[in-house]
Amino acid sequence: MKMRSHESSVRVAVLGASGYSGGELLRLLSAHPAAEVVAAGAGEHAGASVGDVHPHLEDFAGMTFEELGPDVARRCDVAFLALPHGTSSRIGPGLLEAGARVIDLAGDFRLPAEEYPAWYGFEHAAPAWLDKAVYGLPELFRDEIRGSTLVANPGCFATAASLALAPIARARLFEGNVIIDAKTGVSGAGARPSATVHYAHTEGSIRPYRVGTHQHTPEIERVLARAGAGGTTVTFVPHLVPAVRGVLVTCYLSGADPAACAQALADAYAGERFARVLPDRRMPDPKHVQGSNVCELGVGGDDRSGTAVIVSAVDNLVKGAAGQAIQNMNLLFGLDEGLALPTTGLYP
């Protein structure tokens, strides 16, 4: 494994490193000048070479996956938890109590305890930690993130939708409920094979799923409430499409003026590296941001119905997961926020 030589190196552990988000963390961290990956955790792959599971990660070819628990806090400054929902809330408190900072890529610290049975299907294992967690969307909550020890990395859909809607909510440009139509590639379902993401089932298909029950719905509503749109109900319909990466979110705001919405977004994200507002009603495309930590945003509208249409695109594994987690790490340790995070996508 390539080691970092930096007088202020951050020692990093990645738990759940064998999955797609974990592998993306390792890929991006391999180019980070101030980070040293000291441990990679993976239960079912414990003892295997990282290079055998992730053959594209040459920098980590000599590293071995470990079965990691809270004792890894002795070896690291920060632990990324790229684990299944419900696991981080059991492991995270031990890491925090042992002195490590934690960035959770699962959903375990995003909601109040009483909402977990309905949206995630489990009773929260560490409710005392929920009030200590900071929601890790830097473009909206940067100052809170800087002083935190526990960061709840947002979901991919919630990242795209929140960046699209929060500035418009702050400007009081819409009233009533919001309809969000979203598309995602199959990597959002994780690396474990299943019939749902089998090639034969997804090729040529567009499939809505978890209609009205998707766990990112209350996340988006909480961000809107913090932006001044409390009481707004989000109708969120995600669709699985035959692509590997990418999230595209389309938000419909009845009664909102498209030009005013576009201006609110432009004002909010002026100078931001990772939120790009497109001009002249150009529309985002997940292909354009693939491999980058950028969220592209565009505004259109239907003048006949008086509806503004806000469109947002991210790479679900980068700005929607690993890249945003590293952006949060950079903030936690006083580093340049953009270290190791690309702003140019892979195209075509």
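All values reported here derive from a predicted model rather than from experimental measurement.

Thresholds, definitions, all that
- Sequence order as written defines the numbering, with residues in each chain counted from 1.
- Owing to the predicted nature of the model, reporting of local features is limited to residues with pLDDT of at least 70; listing and counting of side-chain atom pairs is limited to 80 or more, with chain, interface and lining totals taken over all residues.
- Calculated side-chain values reflect all of the structure's heavy atoms, with hydrogen atoms and water omitted.
- We call a residue buried when its accessible area falls under 20% of the maximum for its residue type, exposed when it is over 50%, and partly exposed in between, using a 1.4 Å probe and counting protein chains only.
- Think of it this way: any DSSP run of H or I at least four residues long counts as a helix, any run of E at least two long counts as a strand, and we number them from the N terminus.
- Here, any two strands with at least 2 DSSP bridges between them count as paired.
- When the strands point away from the viewer and the connection leading from the first strand across the helix to the second strand turns clockwise, the crossover is called right-handed.
- In this description, contact between two residues means that some pair of their heavy atoms is separated by no more than 4.5 Å.
- Comment: axis = line fitted to C-alpha atoms, over the contacting stretch for helices; angle = value between 0 and 180 degrees taken between N-to-C directions.
- Salt bridges are defined by distance alone: a side-chain nitrogen of Lys or Arg within 4 Å of a carboxyl oxygen of Asp or Glu.
- Angle categories: roughly parallel below 35 degrees, roughly antiparallel above 145, roughly perpendicular from 65 to 115, and oblique for all the rest.
- The sense of a crossing depends on the near helix, which, turned anticlockwise from the far helix by less than a right angle, makes the crossing left-handed and, turned clockwise, makes it right-handed.
- Gly is put with the polar residues, along with every residue not named as nonpolar or charged; the nonpolar set is Ala, Val, Leu, Ile, Met, Phe, Trp, Tyr, Cys and Pro, and the charged set is Asp, Glu, Lys and Arg.

Peer 1: Honestly, the pairing of strand 1 (residues 10-15) in this entry has me stumped. Any pointers?
Peer 2: The two faces of the sheet receive side chains in turn, since in a regular strand these alternate between them. For strand 1, the tally of buried residues reaches five of six residues, placing the bulk of the element in the interior. As judged from the six bridges shared by strand 1 and strand 2 (residues 35-41), these two strands associate in the parallel manner. Each bridged residue has a counterpart across the sheet, and for V12 the counterpart in strand 2 is V37. Read as a crossover between parallel neighbours, the route from strand 1 over helix 1 (residues 20-29) to strand 2 is right-handed. Alignment of strand 1 against strand 3 (residues 78-81), held across four bridges, turns out to be parallel. Bridging across to strand 3, A13 finds its partner in A79.

Peer 1: Any chance you could explain the pairing of strand 3 here in plain terms?
Peer 2: Neither face of strand 3 is left uncovered, since the one carrying V78 and F80 and the one carrying A79 and L81 both have all their residues buried. The sheet contact formed by strand 3 and strand 4 (residues 101-104) spans four bridges and is parallel. Residue pairing for strand 4: A79 is matched across the bridge by V102. Since strand 3 and strand 4 lie parallel, the crossover through helix 3 (residues 88-97) that links them has a hand, and here it is right-handed.

Peer 1: Help me out: how do you make sense of the side chain of T159 in this one?
Peer 2: Considering the arrangement of structural elements, one finds T159 in helix 6 (residues 156-170). Not counting residues within four places of it along the chain, the set of residues in contact with T159 comprises L137, P154, K319 and Q324.

Peer 1: Is there a simple way to think about the sheet that holds strand 4 in this case?
Peer 2: The strands making up a sheet associate through hydrogen bonds between their backbones, and the pairing can be parallel or antiparallel. Sheet architecture is open: six strands sit in the order 2-1-3-4-6-5, paired in parallel fashion. Edge positions in the open sheet fall to strand 2 and strand 5 (134-135), since each of these has one partner strand only. Sheet contacts for helix 11 (residues 318-332): strand 1, strand 2, strand 3, strand 4 and strand 6 (150-152); angle to strand 4, the most-contacted strand, approximately 155°.

Peer 1: How should I be thinking about the pattern of salt bridges in this particular structure?
Peer 2: Any two side chains of opposite charge can pair, on the condition that their charged atoms come close. If you walk through the whole model with that rule in mind, you get 15 salt bridges. A salt bridge links K183 to D181, with the shortest nitrogen-to-oxygen separation between them at 2.4 Å. Linked through salt bridges whose partners overlap, the residues forming this network are E24, R27, R245 and D315.

Peer 1: When you look at helix 1 in this model, what are you seeing that I'm missing?
Peer 2: Residues separated by three or four positions in an α-helix point in the same direction, a consequence of the helix having 3.6 residues per turn. Burial analysis of helix 1 places seven of its ten residues in the buried class, the great majority of the element. Within helix 1, the full set of buried residues consists of G22, G23, E24, L25, L26, L28 and L29. The inward-facing, buried residues of helix 1 contact strand 1, strand 2, helix 2 (50-53), strand 3 and helix 11.

Peer 1: What should I look at first to understand the packing of helix 6 against helix 8 (residues 216-226) in this one?
Peer 2: To characterise two packed helices, one gives the angle between the axes of the helices and the distance between these axes. Direction vectors running N to C along helix 6 and helix 8 enclose 25°, while the axes themselves pass 9 Å from each other. Considered as vectors, helix 6 and helix 8 are oriented roughly parallel to each other. Relative to helix 8, the crossing made by helix 6 is right-handed. Here C156, F157, A158, A161, S162, L165, A166 and A169 of helix 6 come into contact with helix 8, specifically with H216, E219, I220, V223 and L224. By residue class, the composition of the contact of helix 6 with helix 8 is ten nonpolar, two polar and one charged.

Peer 1: Any chance you could explain unusual backbone geometry here in plain terms?
Peer 2: Across the chain, the bulk of peptide bonds are trans and the bulk of non-glycine residues have phi less than zero. In the segment running from Y347 into P348, the intervening peptide bond is cis, with an omega of 5°. Structurally, the position occupied by P348 is in the segment after helix 11. Despite not being glycine, R172 shows a phi value in the positive range, around 55°. The topology assignment puts R172 in the loop between helix 6 and strand 7 (178-184).

Peer 1: Any chance you could explain the side chain of T250 here in plain terms?
Peer 2: Within the fold, T250 resides in strand 10 (residues 247-254). The exposure class of T250 is buried, given its relative accessible area of 13%. Aside from chain neighbours lying at most four places away, what touches T250 is I179, I180, D181, V309, I310 and V311.

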